[in-house]
Amino acid sequence: MTSSAPIGVFDSGIGGVSVLRALLAALPGERFVYAGDSAHAPYGEQGDAHVIARSEAVLASLRRRYGIKAFVIACNTATAAAGRTLRERHPDLPIIGIEPALKPATLVTRTKRVGVMATRVTLASQKFRDLHERLSGPVEFILRACDGLASAIEREALTEQQAQTDALINQHVGALGPLGDAPGQIDTLVLGCTHYPLVAARIQRQASLKVNLIDPGEAVARHTRDILTAKGLLAAAPPSEPVLELLDSGDGQSLGAAVAKWLEGPARSAVLQPFSV
Ligand code: DGL
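What you see is a predicted model; the values in this text were computed from it and never measured.

Novice: What is the right way to look at the site of the ligand in this model?
Specialist: Looking at the ligand, there are 13 residues lining it, with Ser12, Tyr43, Gly44, Asn76 and Thr77 nearest. Interatomic distance of 2.8 Å between a backbone N/O atom of Thr194 and an oxygen atom of the ligand. Taken together, the residues that form the shell around the ligand break down as 5 nonpolar, 7 polar and 1 charged.

Written out as structure tokens, the structure reads:
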């Protein structure tokens, strides 16, 4: 592992682009390789065994092909289902995961009612249940498995049709109960799937402008920078082109569109390559 190697970033599809955006801002001197596994998505509505097998296959392939120096699991579902297994199998590689930001939410909520939007697999995981149990009490968390929402966001990246995503946002946010800053209302919403920050403005509008939205993307980017710094793995020289390589196990059309829409600078024109894994 050398400091000039790229950082691997991984999600089932385009959701990790919300984390990649924060990583590019926090680590401007680094090269990245982003892997989307859209041929095997959505992860959030399948079994743990599938998510573990896919995450391991992607990680092994990025190590072989790119000799990555760190692996950012930019997917709450994959972190919850596979994070521990990956760390056990790759003890020499820095692996950074993402989890629903319940702790930060407890620090900002005033009504002590917090909504959590995430996938079914994330909410059912032992890792999430432990976190939830540890922090519940002073704060009440209202959990919502947002079936279909990540897939709708994938489709929308390509078609620009917002109606289906908006209907699901209305359905899932509506099911949480009253939102606002009055006593008894949910005043904080945790975006516990990396796809959701890509439509944060519309979730915010549906929820109420008085509600805090919590997206851990920037915290994950800072954490990644701290780990690379501590291990002496920050790139010593400015990155050679390309700054970003894009891989997708599916046709990659949504990923290409998402990158063009949400990233800036040279990363925006990254060329997409097939990823047979
Ligand atoms: N982006 C993933 C997450 O953060 C989930 C998407 C999926 O269901 O595949 O949980």
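Novice: Just checking my understanding: could you explain the pairing of strand β1 (residues 7-11) for this structure?
Specialist: Side chains on a regular strand alternate between the two faces of the sheet. Of all 5 residues in β1, 5 are buried; the element is thus mostly enclosed. Taking every second residue as pointing to the same face, both faces of β1 are buried, with Ile7, Val9 and Asp11 on one and Gly8 and Phe10 on the other. Relative to strand β2 (residues 32-36), β1 runs parallel, the two being bridged by 5 bridges. Counted as the bridge partner of Ile7 is Phe32 from β2. What joins β1 to β2 is helix α1 (residues 17-26), and the crossover it makes is right-handed. Of the strand pairs in this sheet, β1 and strand β3 (residues 70-73) are connected by 4 bridges, and their pairing is parallel. If you follow Gly8 over to β3, its bridge partner there is Phe71.

Novice: Help me out: how do you make sense of the pairing of β2 in this one?
Specialist: In terms of burial, β2 is largely enclosed, as 5 of its 5 residues are buried. Residue alternation in β2 divides its side chains into two sets, Phe32, Tyr34 and Gly36 and Val33 and Ala35, and both sets are buried. Relative to strand β9 (residues 244-248), β2 runs parallel, the two being bridged by 5 bridges. Bridge pairing links Ala35 to Leu247 in β9.

Novice: How should I be thinking about helix α11 (residues 253-262) in this particular structure?
Specialist: The periodicity of an α-helix, 3.6 residues per turn, causes residues three or four positions apart to be oriented the same way. Residues of α11 that are buried: Ser254, Leu255, Ala258, Val259 and Trp262. Across the axial projection of α11, the buried residues extend over an arc of 130°, all falling on one side. Structurally, α11 contributes buried residues whose contacts are with α1, β2, α7 (149-159), β9 and β10 (272-274).

Cut-off values and rules
- Residues numbered from 1 in each chain as written.
- Predicted model: local features only at pLDDT ≥ 70, side-chain atom pairs only at ≥ 80, totals over all residues.
- Heavy atoms only, no water.
- Near = heavy atom within 4 Å.
- Polar contact = N/O pair within 3.5 Å; in protein donor to acceptor, adjacent residues only side chain to side chain.
- Nonpolar A, V, L, I, M, F, W, Y, C, P; charged D, E, K, R; others polar.
- Buried < 20%, exposed > 50% of the residue type's maximum accessible area, 1.4 Å probe, protein only.
- Helix = DSSP H or I, 4+ residues; strand = E, 2+ residues; numbered from the N terminus.
- Pairing = 2+ DSSP bridges.
- Right-handed = clockwise from strand over helix to strand, strands pointing away.
- Arc of directions from axis to C-beta.
- Contact = heavy atoms within 4.5 Å.

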